[in-house]
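Observations on chain architecture
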Amino acid sequence: MVVLTYNRSAEVRATVASLLALPDRPRIIVVDNASSDNTVGMLSAAFSTIEIVCSPANIGAAGRNLGVALVATDYVAFCDDDTHWEAGSLSAAADLLDRYPAIGALNARIVVHPSGETDPTCERMRTSPLPSEGLPGPPLIGFIACACVFRTAVFRSAGGYEPRLFIGGEETLLALDTLSRGYSIVYAHDLVLHHAPSPHRDSALRRRMLARNRALVAWLRLPLAQATGATLAALKTFRRERTGWQDTRKLLALIVWALVNRRLVSPRIRAMCRDVEAAEREAAN
């Protein structure tokens, strides 16, 4: 179990305590993204059986790569500092991955607290239009970073999380590269992760990062028409958030990097993306 945290000492303490109480008994690796609230000191004092990785800087989602570097098991699960897994779900995930070698990653159902409702993204995953023959659940073109279980070798071969994306839609590139290696990503409704969203969030920054990263991933892996459309949408977001020049300059510099590293996904994966996007547009109407 790799847990990523940044300046949420109270939340991560509760998360680690819940993970230690699981009957699945996962090995727990906490990656601290250079917190300034004594997260590392607190965790070291409170929990003697976990491993703590201290990133020298806040590197966003790529901090998870530091945790995976220490993983010696075939499978690795992920958790954020405001989530926790339900008892039995990790063992059930391992059983599924044992039985279905074509699956590279599983996405759990997220139960949001305090409402107890299923996260709307998971509801969309449950109704994925992609054919599920030979799989234990609906196949996906993406996953949620804090609610997934990966084959460790697949995560590593796909490159983990790209540091330049930092955070916000950072899963998309890893998902496309997992699919490109011939593995499926599957929604497993019976695996459950609980999420009590932290109040410590910068929603405006996240909107900008999501828009920027959609554009970058498109330039890295998708057709030019999608890359151009995602870029125009990002520029509109920057203007709306009144960060136009600053964010546009950074985006343009990263597009140059993306073009150098551009590797278009296969027609099969592009067709999967079109089918999912069409189903989501229909559901929205």
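My aim in this report is to walk through the structure given alongside it, one point at a time. In this text, all values refer to a predicted model and were calculated from it rather than measured experimentally.

**Focus: the nonpolar core**
A general trend in soluble globular proteins is that nonpolar side chains are found buried together. By size, the foremost hydrophobic cluster in this structure holds 86 residues, and its most contacted members are Met 1, Trp 85, Leu 106 and Phe 150. With 7 residues, helix H8 (residues 203-221) is the largest single contributor of residues to this core. The residues touching Met 1, leaving out its near neighbours within four places in the chain, are Leu 19, Pro 26, Arg 27, Ile 28, Ile 29, Ala 77, Phe 78, Cys 79, Trp 85 and Leu 90.

**Remarks on helix H10 (residues 244-260)**
For H10, built from 17 residues, the straight-helix expectation of 24 Å at 1.5 Å per residue is met to within 8% by its first-to-last C-alpha distance of 24 Å. Buried residues of H10: Asp 247, Thr 248, Leu 251, Leu 254, Ile 255, Trp 257 and Ala 258, and no others. Next to the buried residues of H10 lie H8 and helix H9 (224-240).

**A look at the side chain of Asp 81**
Within the secondary structure, Asp 81 is located in the loop between strand E4 (75-80) and strand E5 (83-85). A polar contact of 3.4 Å, which involves the side chain of Asp 81, links it to the backbone nitrogen of Tyr 6.

**Looking at the environment of Ala 158**
By the secondary structure assignment, Ala 158 is in the loop between helix H6 (152-157) and helix H7 (171-180). Residues within four places of Ala 158 in sequence aside, it is in contact with Leu 174, Asp 177, Thr 178 and Arg 181.

**Looking at the packing of aromatic side chains**
Under the counting rule described, the total for this entry stands at 5 aromatic pairs. Ring centres 5.8 Å apart and planes at 65° place the aromatic pair Phe 155 and Tyr 161 in the edge-to-face group. For Phe 155, a relative accessible area of 2% translates into the label buried. On the basis of relative accessibility, which here comes to 1%, the residue Tyr 161 falls in the buried class. Among the aromatic residues, those joined into a cluster by ring pairs are Phe 78, Phe 143, Phe 150, Phe 155 and Tyr 161. The ring of Tyr 161 has Arg 64 lying over it, and the distance from NZ or CZ to the ring centre is 5.1 Å.

What counts as what
- Residues numbered from 1 in each chain as written.
- Predicted model: local features only at pLDDT ≥ 70, side-chain atom pairs only at ≥ 80, totals over all residues.
- Heavy atoms only, no water.
- Core = buried A, V, L, I, M, F, W, Y, C linked by side-chain atoms within 4.5 Å.
- Buried < 20%, exposed > 50% of the residue type's maximum accessible area, 1.4 Å probe, protein only.
- Helix = DSSP H or I, 4+ residues; strand = E, 2+ residues; numbered from the N terminus.
- Contact = heavy atoms within 4.5 Å.
- Expected span 1.5 Å × (residues − 1).
- Polar contact = N/O pair within 3.5 Å; in protein donor to acceptor, adjacent residues only side chain to side chain.
- Phe/Tyr/Trp six-rings, centres within 6.5 Å; stacked < 30°, edge-to-face > 60°.
- Lys NZ or Arg CZ within 6 Å of the ring centre and 35° of its normal.

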